[in-house]
Amino acid sequence: MTRPSHVLVVAGSDSSGGAGIAPDVATVSHFGAATSLAITAVTAQTHDAVTALHVMPASLVAAQMRAALSADPVAAIKIGMLATAEIVEAVADVLAAHTGIPVVLDPVIASTSGTQLLSDEGIACLHRKLLSLSLIVTPNLPELGILSGCGSALTNAEIAAQATRLLDHGPMKILVKGGHAEDPMSIDTLYSKGEPPRRFTSPRRAVAMRGTGCMLASAIAANLALGQPIETAVFHAKAFINESFDTEHRRLSN
Ligand code: PLP
């Protein structure tokens with residue numbers, strides 16, 4: 001019997017189920033892959049606030065990753081909330097020993113409600129150690145501004161310049177989520193070294209949904225684990241997010 005492809009999700013839990021590992025696991029199983037887990041932090045959250053946060057020891061995060069990697073055929077790794085520089089370093093050390101597995105890095109820095117989910121030292125460490133170990137990084141506009149050290153981009157030319165700056169630090173691809181925020185369409189742009197950018201356009205939805213960043217990165221990782229090339233993985237992941245917005249829209253309209 002063949003064993004299913006696993007996605008190793010390295011992420012935090014959110015008691016509301018809105019973000020973090022709950023949507024990660026649901027997304028991976030939607031695409032028919034199995035999930036292995038390394039939990040980085042436990043958070044207590046309502047849909048409007050983070051009310052408590054407990055960070056796992058970095059050695060325990062690394063131990064979870066190593067156990068998952070030896071227990072099952074891990075075919076892709078999705079990284080979300082990392083909380084501290086110590087955890088970023090520990091994750092980077094494990095990844096450096098498994099460079100054949102594609103890594104999807106969602107550079108989670110803060111919750112929508114405003115709580116910092118990665119320390120300032122952690123941001124610097126992620127920049128130094130994790131970008132170069134990732135196949136694709138999926139920042140939103142504020143995350144792109146922080147990681148490129150340039151502040152929030154105001155024009156599409158500034159977004160492209162910031163993405164190019166990040167590509168110089170090692171990842172093969174950067175998927176910038178959301179495009180220029182005033183566009184009537186929601187445009188995600190995939191930047192690759194030495195290739196023209198590819199745009200993924202969908203109508204900007206009137207519904208707010210938490211956890212879409214987690215879902216998008218997990219959907220890309222699941223498709224990579226199932227053997228899809230990276231651009232096809234992004235295409236399927238975007239279609240899945242659009243379907244999820246439509247489902248949420250219909251639910252709210254009933
Ligand atoms: N909590 C956890 C554990 C997360 O991983 C994330 C994002 O990845 C968030 C909260 C932030 O989600 P939101 O922006 O929907 O609040």
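Whatever comes next refers back to the structure up there.
Parameters at a glance
Residues numbered from 1 in each chain as written. Predicted model: local features only at pLDDT ≥ 70, side-chain atom pairs only at ≥ 80, totals over all residues. Heavy atoms only, no water. Axes fitted to C-alpha atoms, helices over the stretch in contact; angles between N-to-C directions. Helix = DSSP H or I, 4+ residues; strand = E, 2+ residues; numbered from the N terminus. Parallel < 35°, antiparallel > 145°, perpendicular 65-115°, else oblique. Left-handed = near helix turned anticlockwise from the far one by under 90°. Contact = heavy atoms within 4.5 Å. Nonpolar A, V, L, I, M, F, W, Y, C, P; charged D, E, K, R; others polar. Near = heavy atom within 4 Å. Polar contact = N/O pair within 3.5 Å; in protein donor to acceptor, adjacent residues only side chain to side chain. Areas by Shrake-Rupley, 256 points an atom, 1.4 Å probe, with all protein chains shown as cover. Salt bridge = Lys/Arg side-chain N within 4 Å of Asp/Glu carboxyl O. Buried < 20%, exposed > 50% of the residue type's maximum accessible area, 1.4 Å probe, protein only. Arc of directions from axis to C-beta. Expected span 1.5 Å × (residues − 1). Pairing = 2+ DSSP bridges. Right-handed = clockwise from strand over helix to strand, strands pointing away.

Caption draft 1: Structural view of the packing of helix α3 (residues 85–96) against helix α4 (residues 120–130). As a packed pair, α3 and α4 sit with axes 8 Å apart at the nearest point and diverge in direction by 15 degrees. With respect to α4, the element α3 is oriented roughly parallel. Every pair of crossing elements has a handedness; the one defined by α3 and α4 is right-handed. Each of Ala 85, Val 88, Glu 89, Val 91, Ala 92 and Leu 95 in α3 lies in contact with α4, whose residues at this interface are Glu 121, Gly 122, Cys 125, Leu 126, Arg 128, Lys 129 and Leu 130. Its residues assigned to classes, the contact of α3 with α4 shows 8 nonpolar, 1 polar and 4 charged.

Caption draft 2: The site of the ligand, seen in detail. Around the ligand, 13 residues are found, and the nearest of them are Gln 45, Val 108, Thr 112, Arg 210 and Cys 214. Separating a nitrogen atom of the ligand from a side-chain N or O atom of Gln 45 is a distance of 2.7 Å. Thr 112 places a side-chain nitrogen or oxygen 2.4 Å from an oxygen atom of the ligand. Starting from 400 Å² of accessible surface for the ligand in isolation, the protein chains cover 91%. Among the residues forming the shell around the ligand, the class breakdown is 5 nonpolar, 7 polar and 1 charged.

Caption draft 3: Structural view of the pattern of salt bridges. With the rule as written, the count across this model stands at 8 salt bridges. Put simply, Asp 14 and Arg 210 hold a salt bridge, and the shortest N to O gap is 3.1 Å. In this pair, Asp 14 sits in strand β1 (residues 6–14) while Arg 210 sits in the loop between β9 (195–203) and α7 (212–225), placing the two residues 196 residues apart along the sequence. You can call Arg 210 partly exposed: its relative accessible area is 27%. Here Glu 231 makes a salt bridge to Lys 173, at a shortest N to O gap of 3.6 Å.

Caption draft 4: Highlighting α4. Residues of α4 that are buried: Gly 122, Ile 123, Cys 125, Leu 126 and Leu 130. All buried residues of α4 fall inside an arc of 165 degrees around its axis, so they share one side. Exposed residues lying more than 90 degrees from the buried face of α4 are Asp 120, Glu 121 and Arg 128. Buried residues in α4 make contact with α3, β5 (103–105) and α5 (141–148).

Caption draft 5: α7, seen in detail. Here α7 spans 20 Å end to end across 14 residues, near enough to the 20 Å set by a 1.5 Å rise per residue. A large share of α7 lies buried, amounting to 13 of its 14 residues. Downstream of α7 by a residue or two, Gly 227 has a phi angle that is positive, lying close to 95 degrees.

Caption draft 6: How the structure looks around the side chain of Thr 189. Its location among the elements puts Thr 189 in strand β8 (residues 185–192). Residue Thr 189 is classed as buried on the basis of its relative accessible area, which comes to 4%. A distance of 3.0 Å separates polar atoms of two side chains, one belonging to Thr 189 and the other to Arg 199. With residues near it in sequence (within four places) discarded, Thr 189 still touches Ile 174, Leu 175, Val 176, Pro 197, Arg 198 and Arg 199.

Caption draft 7: Region of the structure containing the pairing of β1. Taken across its 9 residues, β1 has 9 buried, putting it largely inside the fold. In the sheet, β1 pairs with strand β2 (residues 34–45) via 8 bridges, with the strands oriented parallel. Its bridge partner being in β2, Asp 14 is matched across the sheet by Thr 43. Handedness of the β1-helix α1 (residues 21–30)-β2 crossover: right-handed. Both β1 and strand β4 (residues 74–79) contribute to a ladder of 5 bridges, which runs parallel.

Caption draft 8: Local environment of the sheet that holds β5. Strand order in the open sheet formed by 9 strands is β3-β2-β1-β4-β5-β6-β7-β8-β9, and the pairing between neighbours is mixed. Looking at the sheet topology across the chains shown, the edges are occupied by β3 (50–55) and β9. Against the sheet, α1 contacts β1, β2 and β4, and its axis sits at roughly 155 degrees relative to β1. The sheet contacts of helix α2 (residues 58–71) involve β1, β2 and β4, and relative to β2 the element is tilted by about 160 degrees.

Caption draft 9: Examining the environment of Val 91 more closely. Mapped onto the fold, Val 91 is located in helix α3. Classification of Val 91 as buried rests on a relative accessible area of 0%. When the C-alpha positions of Val 91 and Leu 130 are compared, they lie 8.3 Å apart, and in sequence the two are 39 residues distant. When residues no more than four places from it in sequence are discounted, the contact partners of Val 91 are Val 10, Val 61, Met 65, Ile 79, Leu 82 and Leu 130.

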